[in-house]
Amino acid sequence: MQLSGCLQALGLQVGRLKTGTCPRLAGASIDFSQLEPHYGDSNPPKFSTKTQDFHPTQLPCYLTYTNPTTHAIIEANLDKAPMFSGQIESVGPRYCPSIEDKIHRFKDKERHQLFLEPQTRSASEYYVNGLSTSLPFEIQEQVIHSIKGLEHAHITRYGYAIEYDFVQPTALHHTLETKKIPNLYLAGQINGTTGYEEAAAQGLMAGINATLALGVRTPSFTEKTFILTRNQAYIGVMIDDLVCKGTQEPYRMFTSRAEYRLLLREDNARFRLGAYAHALGLMDDCDYAKLQTQQDQIAAAMHVLQHMSITPNKLTLEKLQALNQAPINDKCDGVFLAGRDGFEEQDLRAFFTCLQDLDTEVLEQVKIACKYHSYIEKQSASIAKMESLWDTKIPQDFAFERIAGLGLEAIEKLSKHRPKTLLEASYISGITPANLEVLQIYLHLHAKTGGVLL
Ligand SMILES: Cc1cc2nc3c(=O)[nH]c(=O)nc-3n(C[C@H](O)[C@H](O)[C@H](O)COP(=O)(O)OP(=O)(O)OC[C@H]3O[C@@H](n4cnc5c(N)ncnc54)[C@H](O)[C@@H]3O)c2cc1C
């Protein structure tokens, strides 16, 4: 029996998804003179703060478009695409549909943009982003040659689509251990996700949890499991979505899935998660000491700025003018002024003595904290309020069916998933805020009356 069959036989629900990729083209065969170049960031962010001297040579991408001829070729051959011929019936990624899908679903669009992305430093091969296809090779040739700049392009590798099995991830604990088969952890595409980062993030979490389950501990991490919450990390959002809601289509981790996007930023990842990394033995003492120093410096700078009173007196106005900054009319604190648009690194150092000696990384954090101060405060307060409420425990034998005011769907889902807390209940798809309100009232009554009411 094949692996998926075994998993199914063990009681896991197995489904099928699909994904595809675009053709690759020989760089030398593309007529770039007809195309619009798009340049990358002049100062690209580094993946790790340990990376020094990061000055990769940047190559541009090029923009081109499909056109009515391209669309006519695809439309005339839709029946040859396995997805449309019925050969493939599984669900594909909603946010990166194939070109066949785009032409079929968005008939009113006259063109679709395509980014030609260099695959290598030598730019010998280009990826045609936006042209994922499973059409036969000869049709792909026609499609490519109908596009501006690609009239004579040579396809080095054709596009294709694949189908794959996945296990409905509601079968998993938040540790990614399967509920039915203790000590079996699933991570990556098998859980219905698509994407390199999604797979890597789950691999990390499943690996850590499997190791902890074996009893391996570090001196500073004594918990039996390692679970990140929705307000701590995108990993927390993704795993929570997967295990609480499951998925019917390839799951991608979009920032829009997170309730607290303002707190979950790429620039503050190490400040949010560094303590865990250190405790789990993934960050050395030296790096952690540096991180802590930076955190202390940010907190100290914010404290000073919050308590600073700046009046629009002659000295202040002269200082602002010298920096080419707009004047202030009213008294304000340092957070307000430092957060203003146009106050760049050198201006911050020149205006605020307390920021003069901070390194660039720390100053960037202070600037962001000032700029979004009121929003960050609001989100933090909302998390604190929610945490106090969502922690409400739901007894495992709670009789949801006896709650007047809960619809049949809500009763079925709550009884099936048996959430342990109100927070977990809120993540079950189909459970509405109104359901949660009713549930919370009953839980309160249940606790107050020692369960008599239910
Ligand atoms: C055509 C295509 C294009 C894609 N393009 C992108 C993209 O541009 N960007 C992006 O982010 N993602 C893309 N993806 C998705 C991404 O590649 C996957 O989501 C990701 O690689 C999944 O990683 P994984 O480790 O979960 O699974 P895999 O990478 O599939 O790893 C599973 C491994 O398990 C091995 N294995 C299977 N069965 C057994 C067995 N019985 N015993 C031992 N080993 C076994 C397999 O050989 C394989 O090495 C693409 C996927 C496809 C198919």
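Residues numbered from 1 in each chain as written. Predicted model: local features only at pLDDT ≥ 70, side-chain atom pairs only at ≥ 80, totals over all residues. Heavy atoms only, no water.

**Looking at the overall build of the protein chain**
At step 1: Broken down by element type, the protein chain carries 17 helices and 10 strands.
At step 2: Expressed as lengths along the three principal axes of its C-alpha atoms, the size of the protein chain is roughly 70 × 70 × 45 Å.
At step 3: Considering only intrachain contacts with a sequence separation of at least 6, the fraction spanning at least 24 residues in the protein chain is 66%.
At step 4: The distance from the centre of the 44 positive side-chain charges to the centre of the 52 negative ones in the protein chain is 4 Å. (Helix = DSSP H or I, 4+ residues; strand = E, 2+ residues; numbered from the N terminus. Contact = heavy atoms within 4.5 Å. Lys, Arg positive; Asp, Glu negative; His and termini not counted. Charge placed at Lys NZ, Arg CZ, Asp CG, Glu CD.)

**Looking at the domain arrangement of the protein chain**
At step 1: Entries for the protein chain in the domain assignment read domain 1 (2-166), domain 2 (169-279), domain 3 (285-378) and domain 4 (391-448).
At step 2: Using C-alpha coordinates to define each centre, domain 1 is positioned 28 Å away from domain 2.
At step 3: In this complex, domain 1 contributes 17 residues to the contact, which on the side of domain 2 involves 21 residues.
At step 4: Between domain 1 and domain 2 lies a buried interface of about 1,500 Å² when both sides are counted; carbon and sulfur atoms form 70% of it.
At step 5: Between the two partners, domain 1 and domain 2, sit zero salt bridges.
At step 6: On the surface where domain 1 and domain 2 come into contact, there are one residue pair in polar contact (both at pLDDT 80 or more). (Domains from an automatic or database assignment. Buried area = accessible area lost by both parts, 1.4 Å probe. Salt bridge = Lys/Arg side-chain N within 4 Å of Asp/Glu carboxyl O. Polar contact = N/O pair within 3.5 Å; in protein donor to acceptor, adjacent residues only side chain to side chain.)

**Points about the site of the ligand**
At step 1: Residues in close proximity to the ligand total 15 residues, the closest being Gly188, Gln189, Gly195, Tyr196 and Arg252.
At step 2: Tyr196 is positioned such that a nitrogen or oxygen atom in its backbone is 2.9 Å from an oxygen atom of the ligand.
At step 3: The separation between an oxygen atom of the ligand and a polar side-chain atom of Arg252 is 2.9 Å.
At step 4: Alone, the ligand offers 1,000 Å² of accessible surface; in the complex the protein occludes 47% of this.
At step 5: Elements with a contribution of two residues or more to the shell around the ligand: β1 (14-21), β8 (160-167) and α6 (196-213).
At step 6: Both domains that furnish three or more residues to the shell around the ligand are identified here as domain 1 (2-166) and domain 2 (169-279). (Near = heavy atom within 4 Å. Areas by Shrake-Rupley, 256 points an atom, 1.4 Å probe, with all protein chains shown as cover.)

**Some points on the nonpolar core**
At step 1: Core analysis: the biggest nonpolar cluster contains 32 residues, and Leu12, Met205, Phe226 and Ile235 have the highest contact counts within it.
At step 2: When residues of this core are assigned to their parent elements, the largest contribution, seven residues, is made by helix α7 (residues 234-245).
At step 3: Among residues more than four places away in sequence, those in contact with Ile235 are Ala201, Met205 and Leu228.
At step 4: Counting 28 residues, the second largest nonpolar core, distinct from the first, contains Cys332, Ala338, Phe343 and Ala369. (Core = buried A, V, L, I, M, F, W, Y, C linked by side-chain atoms within 4.5 Å. Buried < 20%, exposed > 50% of the residue type's maximum accessible area, 1.4 Å probe, protein only.)

**Considering the pairing of strand β4 (residues 61-65)**
Along any regular strand, the residues point their side chains to alternate faces of the sheet.
At step 1: For strand β3 (residues 36-38) and β4, the ladder comprises three bridges, and the chain directions are antiparallel. Counted as the bridge partner of His38 is Cys61 from β4.
At step 2: When β4 meets strand β5 (residues 113-118), the two strands line up antiparallel, connected through four bridges. Residue pairing for β5: Leu63 is matched across the bridge by Phe115. (Pairing = 2+ DSSP bridges.)

**Here we look at the state of the cysteines**
At step 1: On inspection of all chains with the given rule, the structure shows zero disulfides.
At step 2: This cysteine, Cys370, is not joined by any disulfide, and Cys354 carries the nearest cysteine sulfur, 9.0 Å off.
At step 3: The buried category is assigned to Cys370, whose relative accessible area is 5%. (Disulfide = S-S within 2.5 Å.)

**Description of the environment of Phe221**
At step 1: If you trace the backbone, Phe221 turns up in the loop between α6 and α7.
At step 2: Counting along the chain gives 57 residues from Phe221 to His278, while the straight-line C-alpha distance between them is 9.0 Å.

**Some words on the pattern of salt bridges**
At step 1: Applying the stated criterion across every chain, the model contains 18 salt bridges.
At step 2: A salt bridge links Arg157 to Glu125; the shortest N-O distance between them is 2.6 Å. Within this pair, whereas Arg157 is found in strand β7 (residues 155-157), its partner Glu125 is found in strand β6 (residues 125-129), the two being separated by 32 residues in sequence.

**Quick notes on the environment of Leu414**
At step 1: Positionally, Leu414 belongs in helix α15 (residues 408-417).
At step 2: Sequence-wise, Leu414 and Glu424 are 10 residues apart; in three dimensions their C-alpha atoms are separated by 9.9 Å.
At step 3: Apart from the residues within four sequence positions on either side, Leu414 is in contact with Phe400, Leu406, Pro419, Ala425, Ile428, Ile431 and Leu439.

**Details of the packing of helix α9 (residues 285-306) against helix α13 (residues 360-371)**
At step 1: One way to put it is that α9 packs onto α13 with a least axis distance of 10 Å and a crossing angle of 40°. As summarised for this structure, α9 and α13 are arranged oblique, according to the angle between their axes. Crossing angle aside, the handedness with which α9 passes α13 is right-handed. Residues Lys290, Gln294, Gln297, Ile298, Ala301, Met302 and Leu305 of α9 form the contact with α13, whose own contacting residues are Glu361, Val362, Gln365, Val366, Ala369 and Cys370. (Axes fitted to C-alpha atoms, helices over the stretch in contact; angles between N-to-C directions. Parallel < 35°, antiparallel > 145°, perpendicular 65-115°, else oblique. Left-handed = near helix turned anticlockwise from the far one by under 90°.)

**Remarks on the side chain of Thr247**
At step 1: Along the polypeptide, Thr247 turns up in the loop between α7 and α8 (269-279).
At step 2: Discounting chain neighbours no more than four positions away, the residues touching Thr247 are Phe166, Gln168, Pro169, Asn191 and Gly192.

**Side note on helix α2 (residues 68-76)**
At step 1: Within the span of α2, buried status applies to Thr70, His71, Ile73 and Ile74. End-on, the buried residues of α2 take up no more than an arc of 160°, which puts them together on one face. Along α2, the residues that are exposed and aim more than 90 degrees away from the buried face are Pro68 and Ala76.
At step 2: Each element contacted by the buried residues of α2 is listed here: α4 (99-105) and α5 (137-145). (Arc of directions from axis to C-beta.)

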